[in-house]
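Observations on chain architecture
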Amino acid sequence: MANWTVDSAAEFLLAAERNRTDVEPLTDEWIELDAATGHLIQDALIARKVAAGEAVTGVKLGLTSRAKQERMGIDSPLTAVVTDAMQLPEGTPAPYSRLIHPRIEPEIVFVMARDLEGPGVDAEAALAAVGTVHAGFEIIDSRYRDFRFRLPDVIADNASSACFVVSGRAFSPAELDLAAEEVVVKVDGVEVDRATGAAVQGHPAAALALAANALARQGKRIPAGSLVLTGGLTDAVAMAPGSSFTAEFATLGTVEIPAG
Ligand code: OOG
Ligand code: MG
């Protein structure tokens, strides 16, 4: 291995984000980097964002759907962190001047009414801790050139986090069939992809349970009030400033990123 440490890797990824320069994956040089150490790098990265004034507001899942796993060539879901600075007000264009090569993906978002702590959480118990359900649209922006990475790299890079929008329309989980909830993704009004909630682990609540159980292995829980982004339902779509993007959910409503 080159002289990588958890801290130097976190600084490296943070600099890539701040300078808007893509980099080669850590595992090109740090061959023995594993997922657990990837999480330590992610923690160090988030600690720096918090020290700079950001507040942690929740969790995001990555690679929970087959569409995403196949595209990225990684078949293991992962957890990452969202902060207040990542959330865009509804109706805001993408902040292209800060992004390297953004892609967008529709997600079902939970706001937790109660703490959720693994291990042993199942989908039913997970859903019982949910307060409200919302339509979401996540803009991802890997710091790695051409989105080329292995699992430990993408964990370290906080699952390619950039920003996201959450619809203000709130639904109670009891009034929804989330496995059947359909979303249509459109670019400039033209459909490019569609999926249902079943795409993420069979049910978004199963994805939430997976997050609680995975976080428990790091000694963490999901506190009440947290946002949980349950993972891209479709393959992510490349973004460009002249285009508008909509995710039209059958029941949860539409979220939009207008042309920038
Ligand atoms: C990893 C981020 C994955 C999701 O919802 O699957 C993610 C990537 O695709 O770059 O946010
Ligand atoms: Mg995502």
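For the chain, an unreviewed UniProt entry supplies the name Fumarylacetoacetate hydrolase family protein and the organism Arthrobacter ginkgonis.

Structural notes on the overall build of the chain
Of the regular secondary structure elements, the chain holds six helices and eleven strands. The C-alpha atoms of the chain give 17 Å as radius of gyration, which agrees with the globular expectation for 260 residues (18 Å, within 12%). Projected onto its principal axes, the C-alpha coordinates of the chain cover approximately 55 × 45 × 35 Å. Residues classed as buried in the chain amount to 46% of the 260 residues present. Put simply, 76% of the contacts in the chain that link residues at least 6 apart link residues at least 24 apart.

Quick notes on the site of ligand 1
Taken together, 16 residues surround ligand 1, and among them G62, K68, S160, G231 and G232 come closest. Contributions of two or more residues to the shell around ligand 1 are made by β1 (56–62), α3 (66–72) and β4 (130–140). Among the residues making up the shell around ligand 1, the classes are represented as seven nonpolar, five polar and four charged.

Quick notes on the UniProt feature "domain: Fumarylacetoacetase-like C-terminal" (unreviewed entry) in the chain
The positions UniProt marks with the feature "domain: Fumarylacetoacetase-like C-terminal" (unreviewed entry) are residues 100–256. A helix fraction of 16% and a strand fraction of 34% characterise residues 100–256, whose end C-alpha atoms lie 20 Å from each other.

Re the sheet that holds strand β7 (residues 190–196)
Spatial ordering of the open sheet is given by β7-β6-β10-β11, a layout of four strands whose pairing is antiparallel. Each edge of the sheet is formed by a strand with only one pairing partner; in this case those strands are β7 and β11 (253–257). The average undirected angle you get between the axes of adjacent strands in this sheet is 15°. Both strand β6 (residues 182–187) and β7 contribute to a ladder of six bridges, which runs antiparallel. Counterpart to V184 in the pairing with β7 is R194.

A few points about the nonpolar core
Of all hydrophobic cores here, the largest spans 76 residues; its most connected members are A126, L208, A211, A212 and V228. In terms of residue count, helix α6 (residues 204–216) provides more of this core than any other element does, nine residues in total. Dropping the residues within four chain positions of it, A126 is found in contact with L116, V121, A205, L208, A209 and A212.

Focus on unusual backbone geometry
Look at the link from G118 to P119: it is a cis peptide, with omega at 5°. Checked against the element boundaries, P119 lands in the loop between β3 (103–112) and α4 (123–128). Phi at N158 takes a positive value of approximately 55°, unusual for a residue other than glycine. Its place among the elements puts N158 in the loop between α5 (151–156) and β5 (161–166). With a phi close to 60°, Q201 is a non-glycine residue in the positive phi region. Position of Q201 relative to the elements: it lies in the loop between β7 and α6. On the basis of neighbour counts, which here come to 23 C-beta atoms within 10 Å, the residue Q201 falls in the buried class.

Things to note about helix α2 (residues 35–51)
Counted at 1.5 Å a residue, the expected span for α2 with its 17 residues is 24 Å, and the 24 Å between its end C-alpha atoms agrees. Residues of α2 that are buried: G38, H39, I41, Q42, L45 and K49. On an axial view of α2, the arc spanned by its buried residues comes to 160°, and they lie on one face. In α2, the exposed residues that point more than 90 degrees away from the buried face are A36 and A51. Residues of α2 that are buried make contact with α1 (6–19), β2 (78–83) and α5. One or two residues past the end of α2 sits G53, with phi positive at roughly 110°.

Focus on the pairing of strand β10 (residues 245–249)
Across the five residues of β10, four count as buried, placing the element largely inside the fold. With five bridges connecting them, β6 and β10 associate as antiparallel partners. By the bridge assignment for β10, V187 is matched with F245. Sheet topology note: the β10/β11 ladder contains five bridges and is antiparallel. Looking across to β11, one finds that F245 is bridged to I257. Taking the residues between adjacent antiparallel strands as the criterion, β10 and β11 are bridged by three residues.

What counts, and where the lines are drawn
Residues numbered from 1 in each chain as written. Chains lettered and ligands numbered in written order. Predicted model: local features only at pLDDT ≥ 70, side-chain atom pairs only at ≥ 80, totals over all residues. Helix = DSSP H or I, 4+ residues; strand = E, 2+ residues; numbered from the N terminus. Rg over C-alpha atoms; globule rule 2.2 N^0.38 Å. Buried ≥ 20, exposed ≤ 12 C-beta atoms within 10 Å, placed from the backbone. Contact = placed C-beta atoms within 7 Å. Near = placed C-beta within 6 Å. Nonpolar A, V, L, I, M, F, W, Y, C, P; charged D, E, K, R; others polar. UniProt positions renumbered as here; feature names shortened; annotations may be inferred. Pairing = 2+ DSSP bridges. Axes fitted to C-alpha atoms, helices over the stretch in contact; angles between N-to-C directions. Core = buried A, V, L, I, M, F, W, Y, C linked by C-beta atoms within 7 Å. Expected span 1.5 Å × (residues − 1). Arc of directions from axis to C-beta.

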